[in-house]
Amino acid sequence: MSKNLRINNKQFVDETRKLSFVFNGKKLYGYKGDTLASALLSNDIHLVGRSFKYHRPRGIMTSGSEEPNAILQIGNDDALTEPNARATEIELYDGLICNSQNCWPSVKFDIGGINNFLSPLLPAGFYYKTFMWPASFWEKYEYFIRKSAGLGKSPTKQDPDMYDHRYMHCDILIVGGGVSGLIAAKIASDDNKKVLLLEDKELLGGSLIYDDNDISKIDNQKSSEWLKKLIDNIKNDKNIIIKTRTSLAAYHNYNFLLARQNLTDHLSVNVRNNKIRQRLYKIRAKKVIISTGAIERPQVFHNNDRPGIMLASAVKKYIDYFGVRCGLENVIFTNNDSAYETALSLHKSGTKLNAIIDIRDNSSSEIVNKVKSLGIQIYWNHTIVNTKGYKRINKVSVMKLNDKGNDVIGKKIELNCDCLAISGGWTPMVHLFTQSGGKLKFDNKDNIFVPDKTNLNQLSIGSAKGDFELDDVLKNSIKDTKKFLQIENSNFDKIDVKCSKEKEKKNIWLLPSDKPLSKTKPFLDYQNDSTAKDIKLALREGFKSIEHVKRYTTTGMGTDQGKLANMHALGIVADTTNTNMGDLGTTTFRPPYTPLTFGTIVGRNVGQFFDIFRKTPMHDWHVNNNAKFENVGQWKRAWYYPKDDETMHDAVQRESKAARESSGILDASTLGKIDIQGTDANEFLNRVYTNAWSKLQIGKCRYGLMLNEDGMVYDDGVTTKLGENHYLMTTTTGGAANVMSKLEDYLQTEWPELDVFLTSVTDHYSTASVCGPNAKKIITKIFKDLDLSDESFPHMSFKEVKLGEINCRVMRISFTGELSYEINVEASYGKYIWEKCIEAGKEFDITPYGTETMHLLRAEKGFIIVGQDTDGTMTPVDLQMDWIISKKKYDFIGKRSLYRSDTIREDRKQLVGLLTDDPNEILEEGAQIVKDENKKPMDMLGHVTSSYFSPTLKKSIALAVLKEGKQLKGQKLLVPMIDKTIKVTVSDTVFLDKENERING
Amino acid sequence: MFLINCPYCGERDQSEFVSGGEAHIVRPKQPTELNDDQWAEYLFMRKNIKGIQFERWNHAHGCRKWFNVARDTSNDKIEKIYKIGEQPPKL
């Protein structure tokens, strides 16, 4: 600390607790209670970053979440580092490490600074205009643009921190713990309401808590003293839950709000272990009071972006709250009275104030008179036309404004300064109000947008609604809160407030300079380097909508979302186009208000909790037998069981061969199962499936195909008639929940007259499916009394049998084309039955197979998989499954759609088989099929949906959907791949055992 | 995120529900007697209006019952909730 920038202020900063931190490799010190920004400023560091486009040196500008420049990379750990952190919001902790972003090799000497001199060549839309052609070069351009763009570095390792979510409910939610929010909280609590009060800073009190002038008085006390008593009162109030360091991220409809609480970011890294870093509150509030305050606006003039140029309110806060002087020679530039409070704070702290430049003609308000009486030079009706100092401001040039305020006159005055405090008035923070769907109206007096209409049970008070003077803030907050809560009297009704009243107002969105606009750099959006010139260029080029101007110039599109820039951008558009700002409207305010880290949004839903997964009762057996798993919906299904160093292909070939030649066993527990009962159950099946069910006998099974009302295949599966009026439907694994919902929907809404009850029993039963030529022998070993003869137990039938105490449903149904039995038992016996089958099958070398082998086996038989061979555009006719459409039934879901003009087209895509000319060539699923390779672009006739190498047929087989496929049997077609073209012949869809000899044993 | 007052369970968070689109589109009793245009009218045509829209909702993560909701699509305000089979209210 070469200069003495700390003043004696023990109130909010604890000077007994010295903290060390590292900025750009240099070790520095601050105190407990500092923000990173105040600590840097106390070390006389303003220059902290480079701007996005021109790489101009930029300094700390604000003291809050609106900070556009001081965005730093915090930490240097690959997993914990955080980019784009606002130094003004980071509470200092011991050992903090931070670095400047967007500069190389250093913030003091940045090569990219050359862009500043090239800036005439880099107007708005530069990238759009320049990198248009040739289009094929885009990939090369992009590489370099990406390198030069972007701010901080993302962490490269997994986030080890813990995050939390919590639901909160309250009568009244108050967002913002400044004076108006505190008053509202107290009024609500006195009315016995449950209040939740959120404050994004560490301490309650807003800006009034450090207000130190002698003009403002509440009940004859210094306003900050009065407020401290109120805060003590509220802290002990049992009706009020206070959450500090908690910022509201999003305000949704129906008073549903999301807030993020910082729990450990202010702690030294070594004491954060095992603590939750941030918590996301999901809040449902009966009523919401928004008291988020206002943000000071800068002024727009030539070179208004140098380090050392700060908002006047920030300069005041650094003195009054943190005890830090931002400069030793100050100049204030304002258009309103609030900056005079900064003047008083500077004076009181003994800091030199060289002059105040005020664009107004004069003012005689109480506070201005007080400043006048201190002998401070005020330049009325003057503006700053330029500033000097590359890495820190050292001079301002001042000239008189003409009558219209659009040009400057007289001679140029030069003033020295190392800190320029600017104020262009105040903007209410209406973000949350508009996020919630509220409509704004424009207030011509203060040039602000204020809350107008809302559909929600909410209220904006204080400067968030456009009250800026203490008496208005307090009295209107009390009055509005009472009305909102329907309360007659409050303890604040006789409040006595004294404050200075502003008498003169003047606003110029773009201040003139002695240079032509084209030679100046009046910045609007500091972070994205957009200037007033860019806005005017966009308007000249025909962009009229404010949303288009925003995107073309990128104004307001930085991490600060234009909190400082947007009003000036609107003002300049309005002035240039002669539009009323109220008619122009604003750009859309979208959540989150300040950036949220992904961890907070995700909360505990990471790793194994990211999504639930479902395991069958036999899961452990699969794990112990080296199964590889695939996700099917939420299920973990055994995919294949590699032995030794087998590849997937090797394993699947072995498993398939075993199933065809001896026996295989599959865990089919994941199939959806719906228990259907009721006197109309049969009629119900007739209505939901395409085929006829009336004649199905008890003990028999039938395959069914379900359509959507548009005629497209929706699901399929086998349904068994367990008893009179009692069926067990199976669905695909992935479609189970949707089928259940669809059936319930029809029952409740279209056919409420049907006596049918549906119960999802997917999890209640588990299924072991034993197949292959030796299946019958294995089942006989398990169920010794069961008659498995074809006469007694034919294909597509079912028997109930007991194994000891266990009730078993055995179905003879097959998805592989082999003789096969499915044993269904209550889930808790699933593993027992499975192991029983394995044991019984040992002598036949029973081979467990996974879903991949199942897919191969069924493809050999040409059985479809809904969702693999169909995609929501395939009718049963397209699938060549005309046989399953009942001609006799009057109606079923989707029937009428099967002869719509579109579904009867001959040239629809239809399911076919494909055989490669080279039997060893395996097609890739998804590969396109063409006829003529030379015609470019090639006409794509269809694509491969399933493809395998069949070990039984010793050749490659595939299913595909193909335009006019039915007529193309025997035709030679081509499948072009990246490195070769594969020749194929269209075939039948059934490749193996067309006569069904295997199924019938 | 809405709060929806399920007629069977009471007020619940929207995340427990799924929307089923426009309400009061009755499945024709005799689809085979409709021509393509009439069937397409039932199958594809939805109003999607700005203003009060009658729609079906299902308490999927609750009682699984379907019911009807009159919602103002311009501000998502739910004006009325009524059971399946009941006539839409005059709003």
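Coordinates for the structure precede this section.
The shown structure was predicted, so the numbers you read here are calculated from the model rather than taken from an experiment.

## Considerations on the overall build of chain A
Here's step 1: In terms of helices and strands, chain A carries 23 helices and 50 strands.
Here's step 2: Once the C-alpha set of chain A is aligned to its principal axes, its extents read approximately 115 × 70 × 55 Å.
Here's step 3: Within chain A, buried positions represent 60% of all 1001 residues.
Here's step 4: Contacts in chain A between residues at least 24 apart in sequence constitute 67% of all its contacts with a sequence separation of at least 6.
Here's step 5: Accessible surface, chain A as shown: approximately 42600 Å² in total, 50% of it carbon and sulfur.

## As for the packing of aromatic side chains
Residues and elements named next belong to chain A.
Here's step 1: Across all of its chains, the model carries 22 aromatic pairs over all chains by this definition.
Here's step 2: Ring centres of F301 and F333 lie 5.2 Å apart, and the angle between their planes is 75 degrees; this geometry places the pair in the edge-to-face category. A residue pair is termed long-range when its members are at least 10 positions apart, and F301 in the loop between β16 (294-296) and β17 (309-311) and F333 in strand β18 (residues 329-334) qualify at 32 residues.
Here's step 3: Geometrically, the ring pair formed by Y689 and W693 is stacked, given 5.0 Å between the ring centres and 25 degrees between the ring planes.

## Let's talk about the nonpolar core
All names here are of chain A.
Here's step 1: In this structure, L36, L40, Y318, V396 and L420 are the most contacted members of the largest nonpolar core, which totals 120 residues.
Here's step 2: When residues in this core are grouped by element, the largest group, seven residues, is from helix α5 (residues 179-190).
Here's step 3: Within the second largest apolar cluster, 32 residues are counted, among which are W621, I779, F793 and C837.

## Considering empty space enclosed by the protein
All names here are of chain A.
Here's step 1: On inspection of all chains with the given rule, the structure shows six cavities of 30 Å³ or more.
Here's step 2: Approximately 180 Å³ is the volume found for the largest cavity.
Here's step 3: Looking at the largest cavity, it is lined by 18 residues, and the ones nearest its centre are T427, H431, N566, M567 and F589.
Here's step 4: Mapped onto the lining of the largest cavity, the elements with two or more residues apiece are β25 (426-428) and α14 (566-577).
Here's step 5: With three residues, the single largest contributor to the lining of the largest cavity is α14.
Here's step 6: Looking at the lining of the largest cavity residue by residue, the classes come out as ten nonpolar, seven polar and one charged.
Here's step 7: Roughly 110 Å³ of volume is contained in the second largest cavity.
Here's step 8: Contributing to the lining of the second largest cavity are H431, K550, G556, Q561, K563, N566, T587, T588, F589, R590, P592 and Y593.

## Quick notes on the pattern of salt bridges
Here's step 1: Counted under the stated rule, the structure contains 76 salt bridges over all chains.
Here's step 2: When salt bridges with common partners are traced through the structure, they connect D337(A), D358(A), R360(A), K445(A), D446(A), E502(A) and K505(A) into a single cluster.

## Comments concerning the interface of chain B and chain A
Here's step 1: Listed by partner, the interface residues are 29 residues for chain B and 28 residues for chain A.
Here's step 2: Surface buried jointly by chain B and chain A totals about 2500 Å² across both partners, of which 43% is contributed by carbon and sulfur atoms.
Here's step 3: Of all residues in chain B, M1(B), R27(B) and R64(B) give up the largest surface area on contact with chain A, accounting jointly for 27% of the area buried on that side.
Here's step 4: Where chain B touches chain A, the interface holds six salt bridges.
Here's step 5: Of the charged contacts, one joins R27(B) and E709(A) as a salt bridge, the two residues approaching to 2.6 Å between their closest N and O atoms.
Here's step 6: Taken together, the connections running from chain B to chain A amount to 22 residue pairs in polar contact (both at pLDDT 80 or more).
Here's step 7: Elements represented by at least two residues in the side of chain B that touches chain A include exactly α1 (36-44) and β6 (77-83) of chain B.
Here's step 8: Here the element with the most residues in the side of chain B that touches chain A is α1(B); it accounts for five residues.
Here's step 9: Residues belonging to the side of chain B that touches chain A are distributed by class as follows: 14 nonpolar, five polar and ten charged.

## Overview of the sheet that holds strand β21 (residues 382-388) of chain A
Residues and elements named next belong to chain A.
Here's step 1: Read from one edge of the open sheet, three strands run β21-β22-β23, paired in antiparallel fashion. Every interior strand has two partners, whereas the edge strands, β21 and β23 (408-416), have only one. Looking at each pair of strands side by side, their axes are set apart by 25 degrees on average, direction ignored.
Here's step 2: Here six bridges tie β21 to strand β22 (residues 395-401), and the two strands are oriented antiparallel to one another. Residue pairing across strands places T383 opposite M399, the latter belonging to β22.

## Some words on the packing of helix α12 (residues 532-540) of chain A against α14(A)
Residues and elements named next belong to chain A.
Here's step 1: As a packed pair, α12 and α14 sit with axes 10 Å apart at the nearest point and diverge in direction by 45 degrees. Looking at the two axes, α12 sits oblique to α14. Here α12 and α14 pass one another in a crossing that is right-handed. Taken together, the residues of α14 that come into contact with α12 (itself represented by A532, I535, K536 and L539) are A569, I572, V573, T576 and T577.
Here's step 2: Here the contact of α12 with α14 is built from residues that sort into six nonpolar, two polar and one charged.

## Re the sheet that holds strand β3 (residues 18-22) of chain B
All names here are of chain B.
Here's step 1: The strand order β3-β4-β5-β6 describes an open sheet built from four strands, whose pairing is antiparallel. Lying at the two open borders of the sheet, with one neighbouring strand each, are β3 and β6. In this sheet, neighbouring strand axes are inclined to one another by 35 degrees on average, regardless of whether the strands run parallel or antiparallel.
Here's step 2: Bridge analysis of strand β5 (residues 66-72) against β6 gives six bridges, and the strand direction is antiparallel. Paired with N68 across the strands is Y82, a residue of β6.

## Remarks on the state of the cysteines
Residues and elements named next belong to chain A.
Here's step 1: The final tally for this structure, using the stated rule, is zero disulfides over all chains.
Here's step 2: The closest cysteine sulfur to the non-disulfide-bonded C808 is located on C837, 9.2 Å from its own sulfur.
Here's step 3: A residue is classified by how much of its surface remains accessible, and C808, at 1% relative accessible area, is buried.

## Observations regarding the environment of Y31(A)
All names here are of chain A.
Here's step 1: By the secondary structure assignment, Y31 is in strand β2 (residues 26-32).
Here's step 2: Y31 sits in the buried class, given a relative accessible area of 13%.
Here's step 3: Measuring from C-alpha to C-alpha, the distance between Y31 and G405 comes to 45 Å, with 374 residues separating the pair along the chain.
Here's step 4: In this view, Y31 contacts R6, V13, D14, E15, R17, K18, L19 and L92; residues no more than four positions away in its chain are not counted.

## Here we look at the packing of α12(A) against helix α13 (residues 546-553) of chain A
All names here are of chain A.
Here's step 1: Across the interface, α12 lies against α13 with an axial gap of 10 Å and an inter-helix angle of 120 degrees. One element, α12, and the other, α13, form an angle in the oblique class. Here α12 runs over α13; the crossing is right-handed. Contacts from D534, I535, A538 and L539 in α12 reach V549, Y552 and T553 in α13.

## Here's the deal with helix α20 (residues 736-750) of chain A
Here's step 1: For α20(A), with 15 residues, the first-to-last C-alpha span of 21 Å sits near the 21 Å given by 1.5 Å per residue.
Here's step 2: Counting buried residues along α20(A), eleven of its 15 residues qualify, which places the element largely inside the surrounding structure.

## Here's the deal with the pairing of β18(A)
The side chains of a regular strand alternate between both faces of the sheet.
Residue and element names in this part refer to chain A.
Here's step 1: Of all six residues that make up β18, five are buried, and the element is covered over most of its length.
Here's step 2: Summarising the sheet, β18 and strand β19 (residues 352-358) pair through six bridges and their orientation is parallel. Bridging from a neighbouring strand, I332 pairs with I356 of β19.
Here's step 3: The parallel pair β18 and β19 is bridged by helix α8 (residues 338-348), and the resulting crossover is right-handed.

## Describing the pairing of strand β42 (residues 806-812) of chain A
All names here are of chain A.
Here's step 1: Of all the seven residues making up β42, six are buried; the element is thus mostly covered by neighbouring parts of the structure.
Here's step 2: As judged from the seven bridges shared by strand β41 (residues 797-803) and β42, these two strands associate in the antiparallel manner. If you follow K802 over to β42, its bridge partner there is N807.
Here's step 3: Remark: two residues form the turn of the hairpin made by β41 and β42, two consecutive strands paired antiparallel; G804 in that turn has positive phi of roughly 65 degrees.

The rules we used
Residues numbered from 1 in each chain as written. Chains lettered and ligands numbered in written order. Predicted model: local features only at pLDDT ≥ 70, side-chain atom pairs only at ≥ 80, totals over all residues. Heavy atoms only, no water. Helix = DSSP H or I, 4+ residues; strand = E, 2+ residues; numbered from the N terminus. Buried < 20%, exposed > 50% of the residue type's maximum accessible area, 1.4 Å probe, protein only. Contact = heavy atoms within 4.5 Å. Areas by Shrake-Rupley, 256 points an atom, 1.4 Å probe, with all protein chains shown as cover. Phe/Tyr/Trp six-rings, centres within 6.5 Å; stacked < 30°, edge-to-face > 60°. Core = buried A, V, L, I, M, F, W, Y, C linked by side-chain atoms within 4.5 Å. 1 Å grid on protein atoms, 1.4 Å probe; cavity = no way out; pocket = protein on both sides within 12 Å on 5 of 7 lines; lining within 4 Å. Points joined across faces, edges and corners; volume = space filled by probe spheres on them. Nonpolar A, V, L, I, M, F, W, Y, C, P; charged D, E, K, R; others polar. Salt bridge = Lys/Arg side-chain N within 4 Å of Asp/Glu carboxyl O. Buried area = accessible area lost by both parts, 1.4 Å probe. Polar contact = N/O pair within 3.5 Å; in protein donor to acceptor, adjacent residues only side chain to side chain. Pairing = 2+ DSSP bridges. Axes fitted to C-alpha atoms, helices over the stretch in contact; angles between N-to-C directions. Parallel < 35°, antiparallel > 145°, perpendicular 65-115°, else oblique. Left-handed = near helix turned anticlockwise from the far one by under 90°. Disulfide = S-S within 2.5 Å. Expected span 1.5 Å × (residues − 1). Right-handed = clockwise from strand over helix to strand, strands pointing away.

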